[in-house]
Structures are given as structure tokens and as C-alpha cells.
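Each chain is listed here by its residues.
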Amino acid sequence: METSSFVDYRPQAAQLPESEQLGWGAVPRVSPSTAPRVEESEFPDDLAAVSTRQLRVLCNQMYRLLDRDFPPMDALHRYEVLVEEIERREVQAEARTAPVRARSGFRDNSLFSRFELFSDGTMVGHVKYEMKGSHAVLIQAVVDPRFDAVDVEPALIRQVLLNAHKRRIAVVPYCPRVREFLTEFPQYRSLLPADQRGRLEATLRAAGDD
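Participant: Describe the side chain of E85, with residues and values.
Facilitator: Tracing the chain through its elements places E85 in helix α3 (residues 75-101). One polar contact links E85 to R88, side chain to side chain, over a distance of 2.6 Å. Those residues in contact with E85, other than ones at most four positions away along the chain, are L47 and L55.

The structure is reproduced here in C-alpha cells:
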């Protein structure tokens, strides 16, 4: 009897495309080498050298990584570091722009009866006055000792005289500092009412004769 090797006559499954081999509800297996993944940008060592715009881009990338089922272990730490750096820069920007918005200039503080001069939100000097009818008697000029009186005082008195002239307020230069200013800058005497200008000039002449 002739013998022969065993032959499996079971029909072989045809090599169909993978999409046709799958049944309903089957999930195709994807090789790890071809699985799609989110590309992680190289995290910079020195955030100070990165622009704020790029920091925000990196922050968004870290946020998307955190939204994955299995985020990288260091993603949360990097996200917090980026947020902290962005907030720090925002605080710095706010500090740099604050002096621009700070109040500067001159005003009549009628509540305290004084003309005030401000620079970057700080009152650098004031002239105390007292209203006598339609006249503002200039009593005392005061300059903050933290500032140079040589620069501040003339600017302060000049603003007082110009403001009073603009508002048609008569001034009486009782303050010695105001009188000294008018002696040094006689062109501002024309801002005084005629009677006060005459009295001041007579006083200055009498002082010169002595």
C-alpha cells in the first residue's frame, strides 16, 4: 500500500485586504510604528529667551497633551511653569505702563485750600492759599523734600499764577517764595491784578532802596 504524507485539504483563507477581513464592530490593529501621535515640541531650557507669543503657543501644546488619556509625566509641571512665566511677564508689563497712566499735572484742591503739582501720581509741591472775597491770598509754598526745590518750586508757582489768570482769580502774593519768584521772573507780574502788581512793585522798589 502506497503511503503519502498527510495533506491538509482544509480551504485556506484568502488574503483579503485588512478592511475586508474585519467584521462588524471590529477595531483594526495599528502597528505602534505607524500609530498617529502628537508631536511634542522640544521644551526650552531658558524661558527668558522665548518670546511671549511662543510661550503661549507652548502653553497651548502642553494643555492639549494634558487632555490626552495618558499625558506625559512632565506635561503638568511644564504647563504650570509656562503659565507662571506668562503671568510674571503680564505683571511686569503692567508695572511698566502704570506710570504712564499715573496722574500728573496741576490742580486746585479746594477741599484743602491749596494748589497742588503732581508728577507720576506723586504730589511734589503745593501752595497753600486762603480766599478773601474774590482774592486768593497765597500763604505758603511747600516742596516735598524728596524732590529738588530748585526745579519744582518755579514750576509750581508758575502754574499757580497761570491757573489763577486763566480762571480770572485775583491773587495776593503774601508768600515770600512767590514774591521771590516774581522778582526773578518779572514777566509774570503782568498776570497779577493791577492793584496787586502796583503794590508788589512798590514793595520791591522800597526793598531795593534799603
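Participant: Explain the side chain of Q196 to me, and be specific about the residues and the numbers.
Facilitator: Tracing the backbone shows Q196 in helix α6 (residues 194-209). Ignoring sequence-local partners within four residues, the contact set of Q196 consists of H135, V171, V172 and P173.

Participant: Help me get a handle on the pairing of strand β3 (residues 122-132), residues and values and all.
Facilitator: Summarising the sheet, strand β2 (residues 114-119) and β3 pair through 6 bridges and their orientation is antiparallel. Bridge pairing links S119 to T122 in β3. A loop of 2 residues connects β2 with β3, the two strands running antiparallel in sequence, and D120 in this loop sits at a positive phi of about 55 degrees. Alignment of β3 against strand β4 (residues 135-143), held across 8 bridges, turns out to be antiparallel. Bridge pairing in β4 links M131 to A136. Between the end of β3 and the start of β4, which pair antiparallel, lie 2 residues, with G133 showing a positive phi angle near 65 degrees.

Participant: Got a sec to walk through helix α5 (residues 176-184)? Specific residues and values, please.
Facilitator: Because an α-helix packs 3.6 residues into every turn, residues spaced three or four apart end up facing the same way. If you check which residues of α5 are buried, you get V178, F181 and L182. Seen along its axis, α5 keeps its buried residues to an arc of 95 degrees; they face one direction.

Participant: Could you give an account of the pattern of salt bridges, with specific residues and numbers?
Facilitator: A complete count under the given rule lists 10 salt bridges for this structure. The closest approach of N and O atoms between D74 and R78, which form a salt bridge, is 3.2 Å. Taking the shortest distance from any N to any O, the salt bridge between R146 and D144 comes out at 2.8 Å. Taking relative accessible area as the criterion, D144 reaches 16% and is therefore assigned buried. One salt-bridge network, in which partners are shared between bridges, spans E85, R88 and R89.

Participant: Tell me about the packing of aromatic side chains, and name the residues and values.
Facilitator: One pass over the structure, following the stated rule, counts 5 aromatic pairs. Ring centres of F181 and F185 lie 4.8 Å apart, and the angle between their planes is 40 degrees; this geometry places the pair in the tilted category. Residue F181 is classed as buried on the basis of its relative accessible area, which comes to 4%. Pairwise contacts between aromatic rings join F106, F115 and Y129 into one cluster. A cation over a ring is seen here: R114 above F112, with NZ or CZ 5.0 Å from the ring centre.

Participant: Before we move on, can you summarise the pairing of strand β1 (residues 105-109) with the specific residues and values?
Facilitator: Looking at chain direction, β1 and β2 are connected through 5 bridges and run antiparallel. Pairing of F106 across the sheet is with L117, part of β2.

Participant: Talk me through the packing of helix α4 (residues 149-166) against α5; I want residue IDs and the actual numbers.
Facilitator: Orientation of α4 relative to α5, taken along the N-to-C sense of each, is 90 degrees, at an axis distance of 10 Å. The orientation of α4 relative to α5 falls into the category roughly perpendicular. Mapping the contact onto sequence places E153, P154, I157, R158 and L161 in α4 and R177, V178, F181 and L182 in α5.

Participant: Just give me the short version of unusual backbone geometry, but keep the residues and values in it.
Facilitator: The backbone of S113 sits at a positive phi, close to 55 degrees, despite the residue not being glycine. According to the relative accessible area criterion, S113 is partly exposed, its value standing at 26%. Even without a glycine there, the phi angle at R168 is positive, about 60 degrees. For R168, the location among the structural elements is in the loop between α4 and β5 (170-172).

Participant: Which residues make up the nonpolar core, and what values do they have?
Facilitator: Counting 25 residues, the largest nonpolar core has L138, L161 and L182 as its most contacted members. Every element with two or more residues in this core is listed here: β2, β3, β4, α4 and α5. Broken down by element, this core gets its largest block of residues, 6 residues, from α4. When residues no more than four places from it in sequence are discounted, the contact partners of L138 are F115, V127, K128, Y129, V160, V171, V172, P173, Y174, C175 and V178. With 11 residues, the next largest nonpolar core counts L55, C59, L65 and A75 among its residues.

What counts, and at which threshold
- Residue positions are given per chain, counting from 1 as you read along its sequence in written order.
- Two thresholds apply to this predicted model, a pLDDT of at least 70 for residue-level local features and 80 or more for giving and counting side-chain atom pairs, whereas whole-chain, interface and lining totals are computed over all residues.
- As a convention, hydrogens and water are excluded, and side-chain values are obtained from all of the structure's heavy atoms.
- We count a stretch as a helix when DSSP gives it H or I for four or more residues in a row; a strand needs E for two or more, and each element gets its number in order from the N terminus.
- Any N or O atom pair separated by 3.5 Å or less is treated as a polar contact, with the protein-specific requirement of one donor-capable and one acceptor-capable atom, and with residues adjacent in sequence counted only for side-chain atom pairs.
- Should any heavy atoms of two residues lie within 4.5 Å, those residues are considered in contact.
- At least two bridges found by DSSP between two strands is the condition for calling them paired.
- Classification of residues uses two cut-offs on accessible area relative to the type maximum, computed with a 1.4 Å probe and protein chains only: under 20% is buried, over 50% is exposed, and between them is partly exposed.
- When we speak of the arc, we mean the arc of directions from the helix axis to the C-beta atoms.
- Throughout this description, the term salt bridge denotes a Lys or Arg side-chain nitrogen within 4 Å of a carboxyl oxygen of Asp or Glu.
- Aromatic rings from Phe, Tyr and Trp, with only the six-membered ring used for Trp, were paired whenever their centres fell within 6.5 Å, and each pair was classed as stacked if the ring planes differed by under 30 degrees, edge-to-face if by over 60, and tilted otherwise.
- The rule for a charge over a ring is simple: NZ of Lys or CZ of Arg within 6 Å of the ring centre, and within 35 degrees of the ring normal.
- For helices, the fitted line uses only the C-alpha atoms of the stretch in contact; every axis is such a line through C-alpha atoms, and the angle between N-to-C directions lies from 0 to 180 degrees.
- In this scheme, roughly parallel covers angles under 35 degrees and roughly antiparallel covers those over 145, while 65 to 115 is roughly perpendicular and the rest are oblique.
- We define the nonpolar core as a collection of buried residues of types Ala, Val, Leu, Ile, Met, Phe, Trp, Tyr and Cys that are connected through side-chain atoms lying within 4.5 Å of one another.

So far we have only geometry, and geometry alone does not tell us how the molecule works.
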